[in-house]
Every structure is written in structure tokens, then in C-alpha cells.
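Commentary on secondary and tertiary structure
Listed here are the chains, written in short residue letters.
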Amino acid sequence: MRITCSLACGVALSAATRQSGATETIALVVNKLRKMLKDSEEEGDTERKLYAKFKCYCDTNEAEKEKAIAEAAQLISETQADTSTLRAENGKLSVEKADMEQQLDDAQTALKQATNMRAKENKHYLEEKSFIETSIGSLENAIEVLSEVGGDQTAAAAADHEGQMAGDATAEAKAFLKATKGGSLVSLSNQVKRALTAATAALPPKDRKKVMSFIAAPGGDYSAASGEIVGILKNMHDTFKENLANTEEAERRSLANFNEFKSLKEKEIETLEAGIDDREGSIGDKAGSVQTNMQTLEQTQSDKAADEEFLADLRQQCADKKVQYEERNKIRADEAAAISQAVAILNGDEAFDTFASATEGGVFVQIKEHSGVDEQIRRSLAKDLRRLAANQSSLRIAKVAMMLSAGNPFDKILEEIDKVIARIEKEGDADNEKKEWCVDERAHNNEVISNATTSITSLEGQKGLLETDIGSLTDVIDETNADIHSFKEAMAEETKSRRAAYLEYNKEMKTLVATTKVVDNAIKTLKKFYDWLARRDGPHTYGTNAESPDTCTANKDAGGGNYKRMPDASKDELEAACSDDPKCSGFFKFAASTGGWLKSVIAPEHEWYDADGELCVKVYSSAALLQNKEDPAPPATFDKEFEGQKSAGAQVIATLETLKSDTNTEAMAETEQEETDQADFEAFMTDTTTDMQRAKEQVADAEAMKAQKKQELADTIEDLENTRQVKADAETYLQKIKPDCDFMMDNIEGRKTARAAEITNLETAIDKIKGSPVYQKAKAKGEKEAEGKCANKCFKMCDQDAVDAEKCFKSALGTPLDDKQPDGYAPCEACRRGITVAAFCTGEGQGNPGCPE
């Protein structure tokens, strides 16, 4: 501990009997010098207060402007990033919308083709069904007729046999039998021919030939061939019955497949239309957000530029003022030193001897205690912690070091260290939880992938069998599909080229817009300053506004803004005073008498109110740019005027205006070219889409023939894709968590070690702080305060022989020091219990320190 004593000695001179005249003169001089010293000190104190106010103004506005500029820069960066993101998302949405429109067109075309094919299939089914049913009827009729023919032939043969056996029959009976036989055969032959002719249409060529030969045979005995013909017809009848059932079943399945396909396509179309509408809405919303961002960006950039300009001027002004203040302080200090030296000379021993008027001077001793222990501990700990923070890249330790350097109380620092240790331990728990989560997630998803892989293998086998069945039909439509593919590639290439051109156009427009904004901001900045300078020094009149610059407004006042009252001034004098003061914006002239108010601000005209007098507004002859906001004016001190370069500024502004105009012209030309390129692209896409549609219609009929097998294939593919999606989702998810989980698995031990080191270092800091004399002293002080009236009993006193003299030097006798009495010290314990020492020592405190032996 260092004890520094500064002595300020003053010696007063009193009148002496001898050499009274000289003595009085010296005394007057000394008093005068002392008054000069006091006046100098008071003047210095006044300037110190003035400079303190100015420094406060500088510090406050510099901090506010730095914060505003930083916030503006952050907002500009965020707004630009958000705008870029929105534009990129809009570009992506536009591409997605175009793709969905193409998919919608494909889905609608496929549904239309399937509907047409379904109509053709149904027509073919009805025709086939009619043919089969007609053929069945013809076959049944032929079988019935031919069966009758076979029975008649048998009856006729029996009659012939009977006629031959009856040789004695009459000629009339024979003639009758012959006539009956002949007539029946002729009649049956015509009926059989009609029935068989109708049935032959449904017969195979081989069987048709037999039946036609049977029909073409001359009249006679049909019994030999009729049996075979009936068998043929019955077989065909059964075949046609089976074909009719198969045709009806095929129609039922085809209709069911079509209805299912139609339902899927209608849902797909509905989903695509909703997606297109959703993206159109999103594109519009994002475009609106971009516009809002651009307005925000422009305003923020303007405010930031104004703040930066103000801050630069403020820093220069404050730096100049600091130099001026320090110089004045140095001069004043030199002056005070000279005055003090003169007083010392006049009050010195030589002067006393010379004037024989020595007086007894008072000595004022001021003792000030400076303890460097606290600062040494802080610097040492802060240095160690900063080194550890750098080695371990620990912001937490760096924060504690910063708190130590900033002079925070040790209790606050210890509390913060405890919080930091708690956060480190919480972070360790979070790491362990993350590790367990990673292990579980990876195990689960790997199992999902394994199961999905097995299912995919099975489904791919089924898919291969179905593809083999429809492979032969695929060759028919390959060539047309190749043409369709070429169309799509051409459209995709054109879309890619158009997208690249559009991105290049956007890039160029961004450059042009950015150039325009930079130039415009520069113009605004220069105009703002030189217009202000012109307004300050330029010609002006006094009136109501720019439309009425020479006529003041009677019986109106603007309210507020009054900063200087001139009670005896005429209107001309008020005008002259306002013209001489750049900050004056106008004045209000009293009506009843002379005098009025100078105004620094004039409220808008709609806020003016009736008043007994005349309101005159300072109207400048040239237009001036309005500032976005009014910055705070510095307090009055000792300022100097500013001179600008108006002529050079005007030339720069003119050059920038020309550059801005040329940039806008270039932007318009780029936009016109972009519109032309977009129109050509849309025409190409329309023509190519038409050609591709024709190709699709050509292949539609061939594709319909594969519908049944393809539907089964579609079901299998859907199952396969769903299973693949499950696998892909699991793989994607594993890839998504891979960086974090890999980092955690690879670094968890290192992180544990680093956290342990942080905790160890922080605990070491705690031990050092708690073990420091300053902390112990503060702790002892708190304990003394807690003891209250017993402090002088529980702590050693300055008047005790065992106490270090240096410790007593800083305290009055009888003052409790930081050294505690031994545990159980009798006077302390007795005081705490509110009893006498004798009572304590004879009771529970027998043998304790401080008790009489």
C-alpha cells in the first residue's frame, strides 16, 4: 500500500510595525496574485464545464450516429440480401411455373387422348358384341334347322325301305311316297342353305369350306355329312359364347382402368393448376416485397450518407475543439505556475527577512490513499484470461477478461463466471444429447434404407416382367417419341438460353440501377450541401411562401420556433436581424407596437393560427433541396465559419447529371431489347408446342394399345417410386444430419476437453480473485458491517498493541480493522448474545480466547 501526501501551504501576511508601508504593499500584491490565481481557476472551471458540455455533445452524437450508421449498414446489407433472395426465388418460381404449365399441358393432352381411345374401344366393343351375338343366333338357327334335316332324312329312308318291301303296292302309293320325299327335301334344302350361309361368316376358313361344300351339294342324301356339320357349328357356338363373355370382361376391365386413369389425371391437373396459381401469387407477393425493399434501401442509404457526412464534420469539429481546449489549459497552467511562483517568492524566507513581517502560516495536509493492488490483480488476471481466450478461441473467457479490464466489481465478475460455468456445463449436456440423438437417428434410418432396398429389388423384378410384355408395342412408337423428345430438348435449350439471357439482362440492369443510384446519391449529397450553402448566403425576400415571396401574412402566427425577442425593433430591423442570422427562418411582427420574435423554424401553413400581428417567412430566390431529417446543433462555443467550393461543385453535379441521363437511356434500350427477345421466345415456344402436340396425337393410337399392360406397370412403378422415395428420404435425411452429427462425433471429446479447460481456468480465476487482498478486504468489510455494534469486539482495534502500525496510520484510534479476532473470542461472542463477558466465560464460553485465565 502506498501513502501519498500532497502539501498545500499558504502563508498569510499581516501588517508589521516595522516597514509597514512596504509590508502592506507586498501584502496587497500577494492578495492580488492570489485573486488572479483564483480568477484563473474559476475561468478554467467555467471553460471546463463548457468543454464538458461540448464533449458530451460530441460523444453523444458520435455514439448515436455511429450506431445509426451501423444499423443502417446492417439494414442495407440485410435488405440487399433479402432482395437478392426474393429475386432468385422469383426466378425459381417462374421456372417451376413454366415446368408445371408444361406438365399441365401434357396431363390434359394425355387425358384427352385416353378419352378418345376409350370412345374408340367402346365402339369396337359394341361392334364386336353385336357381331358375336348375331353369329351366335345364326349358329343356333343353323344347328336347329340342320338337326331337323337329319331327322327327316332318316324318316325318308325308312319309307323307301317299306316301299321296296311292298312289291304289291299300288302305283298310286309309290307315286305318293316319291312326291312326299321329293317335296320335303327341296323345302329343307333351301332353309338349311339360308341358315348355314349366315353361320359361315363366323367360321374359320377350314370349317367354312366344309360347310360351303355341304350347302353346294345337289339334293339327295344329307345324312352322311350333316352330323359333322352340326358338330362344327356346335363347337363354334360354344367358342362364340366364350368369346362374348371374354369380350364383356375385357370391356369391364378397360372401363375400370380408364376411370382410374381419368381420376388420377384429373387430380394431377387439379394439383398442377393449384400449384400454378400458388406460384403466380407468390411471384406477385415477392415482387411487391422487392419494391418495398428497394424503397427502404434508397431511404436507408440516403439517411446513412447524411449521417456519415454529419459524423465526419462532427469529428473534425470536436477534434479542433479538443486541440483548442488543451492549448488553453496549457496556457492557463503556465499562468498559474507563474503566479504561484511569484506568491512563493513573496512569501519566502528571504521576503520575511527583508520585510521583517513573517507570519505564521497554516499547513494543510491532505492524505490520499492509492491502492494499486486491485488494479494489479485485475491486469494480471485479465492478461492471463485474454491469453487463454485467444488460445482456446473462447469468447466466454474473453468477456470475463473484458469485465476485469473494465473495472467491474469482483462480486459481479464472480457472478458472471458462475453463469459462464453453468452455460458451459449446459452446453456439455446438450452435446451428449445430440450425440445420442445422432446414433438413434442413424440406426433407425439405416434400417429403413435396408428394408426399402429389399422391396425395391422385388418390385424391379415385377416391373421387368411387365416391361417385357409391352416391349414389342414400344418399338412402334419409339420413332415418334424420339421426335417428341427432340422437341422437348429444343424447348429446354431455348428455355435455358432465354433464362441465361434474362439473368444477364437482370445483371446488367442491376449494374445500371446501382450506377444510377450511386450517381443520384452523389448528386443529392452535393446538391443538398451547395443548396444549403446557397440558401445560407443567397438572396432572399420575406413573404408567405414561394408563390407569394414578397407579401407577409397578416393576423397569422406559426407557433413555436421563437428563439430571439426584439421588443423595440421595427419591421425593417427584424428583417435585417433575420438576414444576418443563417439559422433564422422568418419572424413575427407585433401589430400593436414595435418589436417581434425571430423564428428558427416555421411550421407548415395548415398549422398557422390567428394572431394579432404579421408573419414573415424567409423565402430564398433559388430552390433548395430539403434535408431528410434535422440533425442536432452543437452548443455554442467558439466556432469558425466554413467555406465551400461552389463553382467546382456545380461542374461535378452537371457531369453526374449527364452520366445519370446516359445510364437511364442505356437501361431503356436494354429493356426494349429484353422485351423483343421475350416475344421471340414465346413465339418459338408456341410453334414448337404445336408441332409437339401433333406428334403426340400421332402416337396416341399406338399408346392406347398398351393401356392394359401399362396400367399394371404404372401400379408397379408407383409402388416402386414410393419405396424409392422412402429410401431417398431416409438417405437425404442422413445426409442432412451428417455434417452436424459428424462434427459432433468427431469433436465431442475435444469439446469436452476444451470446456473442462475453460472451467478450470475460470475456477482458477475465482480462486485468485477470492484470494486477493482486495477481495478479502471487501469481504471483511461486509462481515464488519454484518456485525453491527459488535464490530469493535469481533475485529482487532487500532489501539491494540498487536496491530500493525501501518494499518493504524490510516484509521483513527478505536476504529475496527479488517483483522478478525480468533473464533470464539469472548468479547465478540458475549456482544452477539447481549450478555457480559463474565457471563459468557463462566457459562458456555469457558476457556475461549479472551476469557480471564
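Residues numbered from 1 in each chain as written. Predicted model: local features only at pLDDT ≥ 70, side-chain atom pairs only at ≥ 80, totals over all residues. Heavy atoms only, no water.

All right, on to the pattern of salt bridges then. Taken as a whole, this structure holds 35 salt bridges when the rule is applied. A salt bridge links R279 to E96; the shortest N-O distance between them is 3.0 Å. One end of the pair, R279, is in helix α4 (residues 223-346); the other, E96, is in helix α1 (residues 20-165), with 183 residues separating them in the sequence. We note a salt bridge from R442 to D742, for which the minimum N-O separation is 2.6 Å. Pair noted here: R442 is in helix α8 (residues 410-469) and D742 is in helix α12 (residues 707-771), with a separation of 300 residues, a long-range link. According to the relative accessible area criterion, R442 is partly exposed, its value standing at 24%. It is possible to trace a salt-bridge network through shared partners that takes in E427, D431, R751 and R755. (Salt bridge = Lys/Arg side-chain N within 4 Å of Asp/Glu carboxyl O. Helix = DSSP H or I, 4+ residues; strand = E, 2+ residues; numbered from the N terminus. Buried < 20%, exposed > 50% of the residue type's maximum accessible area, 1.4 Å probe, protein only.)

In this structure, L385, L404, I413, I417, L762 and I769 are the most contacted members of the largest nonpolar core, which totals 24 residues. When contributions to this core are tallied by element, the ones reaching two or more residues are α6 (373-392), α7 (395-405), α8 and α12. With seven residues, α8 is the largest single contributor of residues to this core. I769 has contacts with L381, L404, F410, I413, L414, I417 and Y775, leaving out every residue within four places of it along the chain. Core analysis: the next-biggest nonpolar cluster, separate from the first, contains 13 residues, I132, A142, I229 and V230 among them. (Core = buried A, V, L, I, M, F, W, Y, C linked by side-chain atoms within 4.5 Å. Contact = heavy atoms within 4.5 Å.)

Turning our eyes to something else, we now look at the packing of aromatic side chains. If you walk through the whole model with that rule in mind, you get six aromatic pairs. Ring centres of Y502 and Y505 lie 6.3 Å apart, and the angle between their planes is 40 degrees; on these two criteria the pair is classed as tilted. Here Y502 pairs with Y505, and both are found in helix α9 (residues 471-537), just three residues apart, close to one helical turn. Seen in terms of ring centroids, F588 and F590 are 6.1 Å apart; in terms of plane orientation they differ by 70 degrees. Their pairing is edge-to-face. On the basis of relative accessibility, which here comes to 6%, the residue F588 falls in the buried class. Exposure remark for F590: the relative accessible area of 18% places this residue in the buried category. In this structure, K65 is placed above the aromatic ring of F310, and the distance from its NZ or CZ to the ring centre is 5.0 Å. Lying across the ring of F54, K321 places its NZ or CZ 5.5 Å from the centre. (Phe/Tyr/Trp six-rings, centres within 6.5 Å; stacked < 30°, edge-to-face > 60°. Lys NZ or Arg CZ within 6 Å of the ring centre and 35° of its normal.)

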